[in-house]
Amino acid sequence: MISMIMILNQKGDILLSRQYRDDVSRAAADSFRLQVIAAKETGSQVGPVKRIENCSFLYTRHTNMYFVALTRSNVNPALVFEYLFQKIKILKAYLGEEFDENSMRNNMTLIYELMDETMDFGYPQNCAVDVLRLYINLGAVKAVQEQETSELTSQITGAIDWRREGIKHRRNEVYIDVLESVSLLLSQNGSILRNEVTGQVQMNTKLSGMPECKFGLNDKLVIDRDNYNNGNRKRGVEIDDCTFHRCVRLGKFDADRTITFIPPDGEFELMRYRVTDNINLPFRVLPAIQEHGTTKVSINLKVIANFSDKLFSTSVIIRIPVPRNTSKAKIKVSLGRAKYEPEQQSIVWRIRRFPGKAECHLSSEVDLMPTVRKKVWSRPPINLEFQVPMFTASGVHVRFLRVFDKSGYHPNRWVRYITRAGGYQIRI
Amino acid sequence: LIVPMMNNPHHPTGPGSSAPPPFPPGAGAGGPHSQHPQVGNATGGVGGAPPPNNDSYFTETRKGEVNELRTLLRSFDKERNPLRKREVIKKVIAYMTLGIDVSRLFSDMMLLVETRDLVVKKMVYLFLCNYATTNPELAQMCTNTLQKDCSNEDPMVRGFALRALCSLQLPQMVEYISEPLRKSLTDPHGYVRKTGVMGCLKLYHLNRDFADSCGLVDILYDLLKDNDTNVVTNCIYVLNEIMREDGGMRMNRAIMLHLLNRLHEFSEFGVMAVLDLVPRYRVANSDEAFAIMNLLDPLLRTSNSGVALAVVRCFFALTEQTGDDPLVMQRQVVDRVKMPMITLTAGGSAELVYSLLKHVDVLSQRFPGVFDDEYRQFYVRYNEPTHIKYLKVSILPKVANANNAPDIIGELSEYVGDIDARLSRLAVRNMARIACSNAGGDWGAEHVVGKLVEFLDLNVAHVSAEAANALKDVLRKNPSLREHVAPPLPRALKYTTDPIGKASIIWLLGELSDISNEAPYVLEKLIDSYDTISNASVKMALLTATMKMFFKRPPEVQKMLGRLLKYATDDVSTQDVHDRALYYYRLLKSSPQIAEQILSNLSACVAIEKTFAEEDDSDMHAALMNEFNSLSIIYGQTSENFIDEEHRVVPAMMAEENVEGAAASLLNDGPAHAHQPSTNFEQPHPKPTSATNGTAPSAAVVDLLDFGDSTPTPAPIAAPSNDGLLLNPNASMTGEAFQKMWGEIASPTLTDSFGLKNLPNTADTEGALGKLFLNTMASGELPTELKFFLYAQESHSGSYLLVQAVISKSSPSFSYTIKTNATDASKKCNSLVDKMKSALVGFM
């Protein structure tokens, strides 16, 4: 169980703390400040769990605040972190996404209420934002009506704790975001060392009532099964593994791979998945880097966008490393801007808008300062950052989202895809 | 309760703590006032002894502010605007948070508790809990109000008041608490019951004997059957803590199965609480262990890593009881959970990834080979937090094998060039670990040595030092690689500055002096500049190396050894060096042969062993597996090393029970049973396993009659399979299959009916049956009757039970026809009927 939750600012001052057990003291904040916050500033890295005199500090950060849980027992660390994340999520829901020290101070009593409601005597209690909102509300003074509260308590204790009944939206809408991050590591000779896509399906639901949703991706197992029945030949994506938000009926998924759920109201992450086969790499990079003696390096780089010409990639940043003793670099590019940035020890090439199927070149002559002793250049990899809207590297796309509700409305559904670089490196 | 004021802030609580600054930065609402000290109407409040603070200026200021607040509070009756009322109280709470003593307002605050504004009420409660210990008499005065609130018609008020009442932590209040507490446990509202359950724990900590005398434990056991899962969750927390000394909540089969059956109704934290109990559960037989594992399997897909890891822990515990070789079974478990764990690490928050990777680290050492094919997951990404990078780098050698070693070694050597010195050191060290464990085969070891020699020459101080140190370990392990190491050593010695690296190179030179021609002359230079060496370990290494060299190349070394021994014995800066030199000197003097034997054996003795003794932690990992999913894994040590005695829990297995006696099966207790008295749910006192064994000790289990899992007598095996019908919660069936099977089985196994009092509607019936995993294939409403086609799948055999049911509208009754292809059909049908009856008990 948790003995105390503290919220500290960057300097280590307590903004707020709630003690659930009397086996730790406020003085613990001092030791945390000295051993963790001060240590961070001096550069040595401390993991998210720290033990000081048999008291364990598990902490996470939000903007510049530390959320710290103190305990003296052998707790389940994942549970504590999940609780802290829930807590931050709740505060975000009440105080806005980017809440800060000031909004914390101004809403001190509200936060005390939340502290009391989400945890009792060190054990987590109700953490569902939607339900909490029912009886903890910001400032709106309202004489409590008995009828309402009795309805409310049945809610607080209902089996579906992530959604309350009787939600009404004038317009029923669902936004689906498929976010993929593609990682790639190419060796010098162009062979793939690592290639993987991790994807998230983020949803923002604005639906009335208690809608039953059925969601389908072009999952290979499902497609193959359907194809077997009706004989058309579409290729599905082989999903290695996935995890789901707690609203998804896991038993059903294991039985026939259909994703069914009653969604929470608002934003949530429906699922997370991994794909390792048949990945469409959005960019191909062909480097040619030669060291001429000890004073010159010539760099030629060709970058080809591998996606459809109807699409384009935004904010492409290519970092091409150069030796430490570079004095200057003459650079020519066919698109965008590039310059040598000594603090990064690399040539940074920025392209705001990279059209599909396009081919861009960079050529550069790098002059090195002569050095007394020859230093071997370690040749770090070329690094790419980019975003490609409406493209998925894994090929995943949403096949359908069906919403069933008693009132029988037809919601508007919007789908968006974005692929980002999550470690896209080419060794040279 | 809120700590800030538990102890008067003006009395530092310990030598280490300093009193809070008079005005903490950003004093919030108090800001403007602090600028203008007010002349306080120093009438001295109730219990307002001026704090012993020398700084009278600030004391006055505070008193002024506090007094002003009091005036505001007293004018409360006249204040009509509820929002402004709140503001005043908020200000009081804000002061409290900052550590300013506002306890003098106690009596004024208490007057405000009579309000219909819930926010005000809660804030007053908060204030009350905070200052109760410093104002016990006054706190006692407001118990009346609290008690009254505990029977308020509004369940929220009842809950808040009860929580406040129990949190006062005043020993003299015990008798005032017990009555409302007892009442709350039977409250119609779940919120009050759940608060009441936590109250029991608070009471227990306040006064153990009193809590025992109230018989709360029995009530709590009853509440495990509560309809509201939040109440049940809290019951588990509380019982676990009350029985901490016995190794956690005592349970029996009925309790465990009841909880597992309702698992899907619990919140995530509740699920974790239930899963925490499973490892202590003693399964009736291996079938049951597998049935439970099947039930828990889908939970591996939740995105909550706490739940997923808890399931893994349950799997480990359950496989130990299946009777098969636990290590083999557990390996299969790790195989099963590998993918979900890796998916959770991809894209989760850094803190959770860290904790998951720590678990992977332990698993990969305990079950070598399982994570090998996923080695790429442990490659470092450039944007990861550094502590995760370090962790991943140290996992890499543990997943290396002959196939992937070239890749891993290549990857690690990329990290060596990283700007972060600690990462590059770690990378070097872990490359050496691959060579030492011989994971990559002979080729791997040779390859690593080649790389390490390159690093030695790289002329980056920390890399060379680390490489030298790593080479030392590799050579101790694998002397056959010495030829590769010798050439660069003399060079490297010149530019290595790090003492440990230097010592390692000197050690290597001593070891390899027979093949490195220059070795004696490099060391001679060092010996002649002995005075400039400041580090003791370098001196020690120099002594040993020169000694070794002496036996290999006596003519060249003899003179310099003499000089070195002289320098070292004269050296008074380090006792160790001095003694070692003296020891060598006397050893040589008494018998050079023995000296040679001693020194040249140094290198030989390690190589024989499989692993270095200091790296053999297999016992530790076995112990850690018992504490899976706890801080023990994060710290890499078992809990007795870092948990104080009063917080340590030594989990105890559930007492063995005669399975014949406990006839509950995995799915038999629907929520409908909740209020039926059931003997199984009383607190499971360890029962003697048979009449003859009347003297069973309290917690320890004596297995006199061989009821153990390994050799179960026939009776316990037969019992669950007769009574227990385990239904697969994920059963699915197509319409055609249903029709085909219905047609194939000619004669129904069972046809009967039972009466109903009320007429249920279609959805209710389906819902109630569905909860017990009796799924509806089709249903329809006719003018005179409701018709259902239902199916269920048995977990063990996979055989189906099909039901055609008709609820007649005119005279409500439920008639059914069951067909099944299962063996032992009639018994299974009967227990299915029991299930249906229990599901529809609300209408009977």
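This one's a predicted model, so the numbers in the text were calculated from it and none came from an experiment.

A. Examining the overall build of chain B more closely. For chain B, the helix and strand inventory stands at 38 helices and 5 strands. The buried share among the 844 residues of chain B stands at 56%. Surface summary for chain B: the accessible area is close to 35100 Å², and the carbon and sulfur share equals 52%.

B. Main features of the pairing of strand β5 (residues 813-820) of chain B. Residues and elements named next belong to chain B. Counted residue by residue, β5 has 7 buried out of 8 residues, so it is predominantly covered. Sheet analysis places strand β1 (residues 750-755) next to β5, joined by 6 bridges and oriented antiparallel. Paired with S753 across the strands is S815, a residue of β5. Examined bridge by bridge, strand β4 (residues 800-808) and β5 share 8 bridges and lie antiparallel to one another. If you follow S808 over to β5, its bridge partner there is S813. With antiparallel pairing between neighbouring strands as the criterion, β4 and β5 make up a hairpin whose turn holds 4 residues.

C. Focus on empty space enclosed by the protein. Applying the stated criterion across every chain, the model contains 9 cavities of 30 Å³ or more. Here the largest cavity defines a volume of roughly 310 Å³. Among the secondary structure elements, those contributing two or more residues to the lining of the largest cavity are α4 (108-118) and β6 (119-120) of chain A together with α5 (118-131) and α8 (155-167) of chain B. Its residues placed into classes, the lining of the largest cavity shows 13 nonpolar, 3 polar and 8 charged.

D. Focus on the confidence of the model for chain A. Residue and element names in this part refer to chain A. For chain A, per-residue confidence averages 84 on the pLDDT scale, and 90% of positions sit at 70 or higher. When the elements of chain A are averaged for pLDDT, helix α6 (residues 146-156) gives the smallest value, 45, and strand β19 (residues 346-355) the largest, 94. The model gives residues 139-158 a pLDDT under 50, and that stretch makes 41 contacts with residues more than four places away or in other chains.

E. Representation of the sheet that holds β19(A) in the model. An order of β11-β13-β9-β8-β23-β21-β16-β19-β18 (chain A) is seen for the 9 strands of this open sheet, with the pairing classed as mixed. Since the sheet does not close on itself, it has two edges, and those belong to β11 (241-244) and β18 (337-341) of chain A, each with one partner. On average, each strand axis in the sheet is inclined to that of its neighbour by 15°, with strand direction left out of account. Relative to the sheet, helix α18 (residues 326-345) of chain B contacts β11 and β13 (266-275) of chain A, its axis offset from that of β11(A) by approximately 65°.

F. The arrangement of helix α23 (residues 441-456) of chain B in detail. For α23(B), spanning 16 residues, the distance from its first C-alpha to its last is 23 Å, which sits close to the expected 22 Å at 1.5 Å a residue. For α23(B), the secondary structure elements touched by its buried residues are α21 (405-416), α22 (421-437), α24 (461-477), α25 (482-485), α26 (489-495) and α27 (499-511) of chain B.

G. Broad picture of the interface of chain B and chain A. Taken together, the contacts link 101 residues of chain B with 97 residues of chain A. Across the chain B to chain A interface the summed buried area is about 9000 Å²; carbon plus sulfur atoms make up 54%. Per-residue buried area on chain B facing chain A is highest for F269(B), R301(B) and Y382(B); these three make up 9% of the total on that side. When the shortest N-O distance is used, the salt bridge between R72(A) and D644(B) registers 3.2 Å. The interface formed by chain B and chain A holds 28 residue pairs in polar contact (both at pLDDT 80 or more) in total.

H. Region of interest: helix α37 (residues 762-771) of chain B. All names here are of chain B. Those residues of α37 lying buried are T762, T765, A768 and L769. The buried residues of α37 occupy an angular sector of 140° when the element is viewed end-on, so they sit on one face. Packing partners of the buried residues in α37 comprise β2 (775-781), β3 (785-793), β4 and α38 (825-839). Note on α37: the residue one or two positions beyond its end, F773, has a positive phi of about 70°.

I. View of the nonpolar core. With 338 residues, the main nonpolar core has F215(A), F261(A), F283(A), F127(B) and L275(B) as its most contacted residues. Not counting residues within four places of it along the chain, the set of residues in contact with F127(B) comprises V92(B), I93(B), M96(B), V102(B), L105(B), F106(B), M109(B) and M110(B).

J. Focus on a nonpolar patch on the surface. Together, Y583(B), I594(B) and I598(B) make up a nonpolar patch on the protein surface, roughly 270 Å² of accessible area in all. Turning to its location among the elements, I594(B) is positioned in helix α32 (residues 592-608).

K. Geometry of the sheet that holds strand β10 (residues 212-217) of chain A. All names here are of chain A. The 3 strands lie next to each other as β12-β10-β22, forming an open sheet whose pairing is antiparallel. Since the sheet does not close on itself, it has two edges, and those belong to β12 (259-261) and β22 (398-404), each with one partner. With direction set aside, neighbouring strand axes in the sheet form an average angle of 15°. Direction of pairing for β10 relative to β12: antiparallel, over a ladder of 3 bridges. Bridged to C213 within β12 is F261.

L. Examining the pairing of β2(B) more closely. All names here are of chain B. Where β2 lies against β3, 6 bridges are found, and the strand directions are antiparallel. By the bridge assignment for β3, N775 is matched with Y791. Between β2 and the antiparallel strand that follows it, β3, lie 3 residues.

M. Structural detail: unusual backbone geometry. Positive phi, close to 40°, is recorded for T63(A), a residue that is not glycine. Within the element layout of this structure, T63(A) appears in the loop between β4 (55-62) and β5 (65-71). Of note in the backbone geometry, N629(B) takes a positive phi value of approximately 60° without being a glycine. By the secondary structure assignment, N629(B) is in the loop between α33 (618-625) and α34 (631-635). Overall, the relative accessible area of 5% leaves N629(B) in the buried class.

N. Quick peek at the confidence of the model for chain B. Residues and elements named next belong to chain B. Of all residues in chain B, 82% have pLDDT values of 70 or greater, and the mean over the chain is 76. For residues 660-680, every residue scores under 50 in pLDDT, and the model assigns this stretch 47 contacts once sequence neighbours within four places are set aside. A low-confidence stretch, residues 686-723 (pLDDT under 50), is modelled with 42 contacts involving residues beyond four sequence positions or located in other chains.

O. Up close: the pattern of salt bridges. This structure, assessed with the given rule, holds 51 salt bridges over all chains. The partner of D254(A) in a salt bridge is R301(B), with the nearest N and O atoms 3.1 Å apart. You can see D254(A) sitting in helix α8 (residues 250-256) and its partner R301(B) sitting in the loop between α16 (286-296) and α17 (305-319), one on each of two chains. A relative accessible area of 31% places D254(A) in the partly exposed class. A salt bridge links R427(A) to E411(B), with the shortest nitrogen-to-oxygen separation between them at 2.8 Å. In this pair, R427(A) is assigned in the segment after β23 (412-426) and E411(B) in helix α21, connecting two distinct chains. In this structure, R427(A) and E411(B) share a single accessibility class: buried. A network of salt bridges, in which partner residues are shared, links R425(B), R429(B), E466(B) and D498(B).

Parameters and conventions
Residues numbered from 1 in each chain as written. Chains lettered and ligands numbered in written order. Predicted model: local features only at pLDDT ≥ 70, side-chain atom pairs only at ≥ 80, totals over all residues. Heavy atoms only, no water. Helix = DSSP H or I, 4+ residues; strand = E, 2+ residues; numbered from the N terminus. Buried < 20%, exposed > 50% of the residue type's maximum accessible area, 1.4 Å probe, protein only. Areas by Shrake-Rupley, 256 points an atom, 1.4 Å probe, with all protein chains shown as cover. Pairing = 2+ DSSP bridges. 1 Å grid on protein atoms, 1.4 Å probe; cavity = no way out; pocket = protein on both sides within 12 Å on 5 of 7 lines; lining within 4 Å. Points joined across faces, edges and corners; volume = space filled by probe spheres on them. Nonpolar A, V, L, I, M, F, W, Y, C, P; charged D, E, K, R; others polar. pLDDT = per-residue confidence, 0-100. Contact = heavy atoms within 4.5 Å. Axes fitted to C-alpha atoms, helices over the stretch in contact; angles between N-to-C directions. Expected span 1.5 Å × (residues − 1). Buried area = accessible area lost by both parts, 1.4 Å probe. Salt bridge = Lys/Arg side-chain N within 4 Å of Asp/Glu carboxyl O. Polar contact = N/O pair within 3.5 Å; in protein donor to acceptor, adjacent residues only side chain to side chain. Arc of directions from axis to C-beta. Core = buried A, V, L, I, M, F, W, Y, C linked by side-chain atoms within 4.5 Å. Patch = residues over 30% accessible without salt bridge, like charges linked within 9 Å, V, L, I, M, F, W, Y side chains within 5 Å.

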